[in-house]
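So the chains spell out like this:
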Amino acid sequence: MKKLLVVGLVISNFVFAQRTKNDTLQYDADYLPTVGPASIKKKEKPAPLSKKGQVFIFYGWNRGAFSNSDIHFTGNGYDFQLNNVQARDKPTKFGIVYIDPSWFTVTQYNFRLGYFIKDNLALVLGIDHMKYVMKQDQTADFSGTISDPKYAGMVQNGQVNLADSQFLTFEHTDGLNYENLGLEKYKNLIHKKNIDLVWSYGAGIGVMFPKSNIKLFGNERSDRFHVAGMGTDLRTSLNMVFWKNWMIRVEGKAGYINMWDIKTTLNNKPDKARQDFVFGQVLAGVGYTFNTKKYN
């Protein structure tokens, strides 16, 4: 009987010991850190045009409209102003020039380079190559003085007829270049597997760097790049992004331009003009966006 009791105690101690050991191992296993790929959390690739560090590049084409403006001319022997001068843009006829890189400056084009300095906020460098052409077939109100009797005689009853182009031709066709820096806020409207629709809005400011084609009083035509003034704008856009990278952008913009130092002759005389006006612009084109950070 004693032997049976001893054997029973030994067996019970062995079983208890084994159970305690197994429980300890199970307990430890529950709290051991996971090692290997399962422990590494994958960073999900963010939606396009949304995250700090993202970049986009855009190239497109525009149509523009301009308010009437007063143009003031000063120089040796004249100081006068033409009031409510009408102007239009000058789109290039559709053709090979729109896709041939060697001809890209012929068209009314736009370039954008954007970098997201914060989530949903981009700093955008832009070049707006618009074209501004004074309508030749118009009669403008005139005020001021001209010493040359030939051109003074073209003023009748406080007006001058510009139709024959002898008095003035006036263009910024190479072009009305608005070099600007803007801040744009982005908001994702649609986020699907291979397509995103992103809306943006913002504002910009920059310098006017036109190449003005101007011929005044038969002088040699002015045709040179020159910093002539400044501009500012409000803008909004819709961006359709395909496969996370390729984008189609449609943008609308309204702004104000003030140019106080437009060169009107091709010499170093102090001949110049100044004007200010409101402009509107609609543009569309293609672009590419990418992340500067790596995501698994």
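This text gives an overview of the structure that appears in the document. In this text the structure is predicted, and so the values were computed from the model without any measurement.

Turning our attention to the overall build of the protein. The number of helices and strands found in the protein is two helices and 16 strands. Residues classed as buried in the protein amount to 38% of the 296 residues present. A sequence separation of at least 24 residues applies to 70% of the contacts in the protein between residues at least 6 apart. Carbon and sulfur atoms make up 61% of the accessible area of the protein, which amounts to about 17200 Å² in all.

A few words on the packing of aromatic side chains. Throughout the structure, instances matching the rule amount to 23 aromatic pairs. Ring geometry for Y132 versus F170: centroids 6.4 Å apart, planes at 80 degrees, classification edge-to-face. Residue Y132 is found in strand β6 (residues 121–134), and its partner F170 is found in strand β10 (residues 168–191); the two are separated by 38 residues along the sequence. Between F167 and F217, the ring centres sit 5.2 Å apart and the planes meet at 80 degrees, which makes this aromatic pair edge-to-face.

A surface patch of nonpolar side chains, amounting to about 1100 Å² of accessible area, comprises I57, L113, Y115, I117, L123, L125, L181, L183, W243, W246, Y288 and F290. In terms of residue count, strand β5 (residues 109–118) provides more of the nonpolar patch than any other element does, three residues in total. Structurally, L113 is set in strand β5.

Moving on to the environment of T74. Structurally, the position occupied by T74 is in strand β2 (residues 69–75). Leaving out residues up to four positions away in the same chain, T74 has contacts with D79, P270, D271 and K272.

Once that is clear, we can look at the side chain of S237. Position of S237 among the secondary structure elements: in strand β14 (residues 229–242). Judged by relative accessible area, which is 3%, S237 ranks as buried. At a separation of 2.6 Å, a polar atom in the side chain of S237 contacts the side chain of S200. Within the local environment of S237, its side chain forms a polar contact with the side chain of N239, the two groups lying 3.1 Å apart. In this view, S237 contacts V198, W199, S200, R249, V250 and E251; residues no more than four positions away in its chain are not counted.

Before going further, it helps to spend a moment on the pattern of salt bridges. A complete count under the given rule lists 11 salt bridges for this structure. Put simply, R235 and D233 hold a salt bridge, and the shortest N to O gap is 2.6 Å. Salt bridges sharing partners connect three or more residues here, namely R112, D128, E184, D233, R235, R249, E251 and K253.

Two strands pair when backbone bridges link them, and strand β1 (residues 54–66) and strand β16 (residues 272–291) are joined in this way by 13 bridges, in the antiparallel orientation. Bridging from a neighbouring strand, F56 pairs with T289 of β16. In the sheet, β1 pairs with β5 via seven bridges, with the strands oriented antiparallel. Each residue of the ladder has a partner; that of I57, found in β5, is L113.

Counting 34 residues, the largest nonpolar core has F73, F80, L82, F167, L168, F170 and L176 as the members making the most contacts within it. Those elements giving two or more residues to this core turn out to be β2, β3 (78–85), β6, β7 (139–146), β10, β12 (211–216), β15 (246–263) and β16. Contact partners of L82, with chain neighbours within four places excluded, come to S69, D70, I71, F73, A140, D141, F142, V160, L162 and L168. Counting residues in each nonpolar core, the second largest holds nine residues, with F116, V124, V198 and M247 among its members.

Right, let's talk about unusual backbone geometry for a bit. With omega at 5 degrees, the peptide bond leading from D174 into G175 counts as cis. With respect to the helices and strands, G175 occurs in strand β10. Even without being glycine, N120 reaches a positive phi, approximately 70 degrees. Mapped onto the elements, N120 comes out in the loop between β5 and β6. By relative accessible area, which is 27% here, N120 ends up partly exposed. The backbone of S165 sits at a positive phi, close to 65 degrees, despite the residue not being glycine. Mapped onto the secondary structure, S165 falls in the loop between β9 (159–161) and β10. Owing to a relative accessible area of 34%, S165 belongs among the partly exposed residues under this scheme.

The rules behind each value
- Residues numbered from 1 in each chain as written.
- Predicted model: local features only at pLDDT ≥ 70, side-chain atom pairs only at ≥ 80, totals over all residues.
- Heavy atoms only, no water.
- Helix = DSSP H or I, 4+ residues; strand = E, 2+ residues; numbered from the N terminus.
- Buried < 20%, exposed > 50% of the residue type's maximum accessible area, 1.4 Å probe, protein only.
- Contact = heavy atoms within 4.5 Å.
- Areas by Shrake-Rupley, 256 points an atom, 1.4 Å probe, with all protein chains shown as cover.
- Phe/Tyr/Trp six-rings, centres within 6.5 Å; stacked < 30°, edge-to-face > 60°.
- Patch = residues over 30% accessible without salt bridge, like charges linked within 9 Å, V, L, I, M, F, W, Y side chains within 5 Å.
- Salt bridge = Lys/Arg side-chain N within 4 Å of Asp/Glu carboxyl O.
- Polar contact = N/O pair within 3.5 Å; in protein donor to acceptor, adjacent residues only side chain to side chain.
- Pairing = 2+ DSSP bridges.
- Core = buried A, V, L, I, M, F, W, Y, C linked by side-chain atoms within 4.5 Å.

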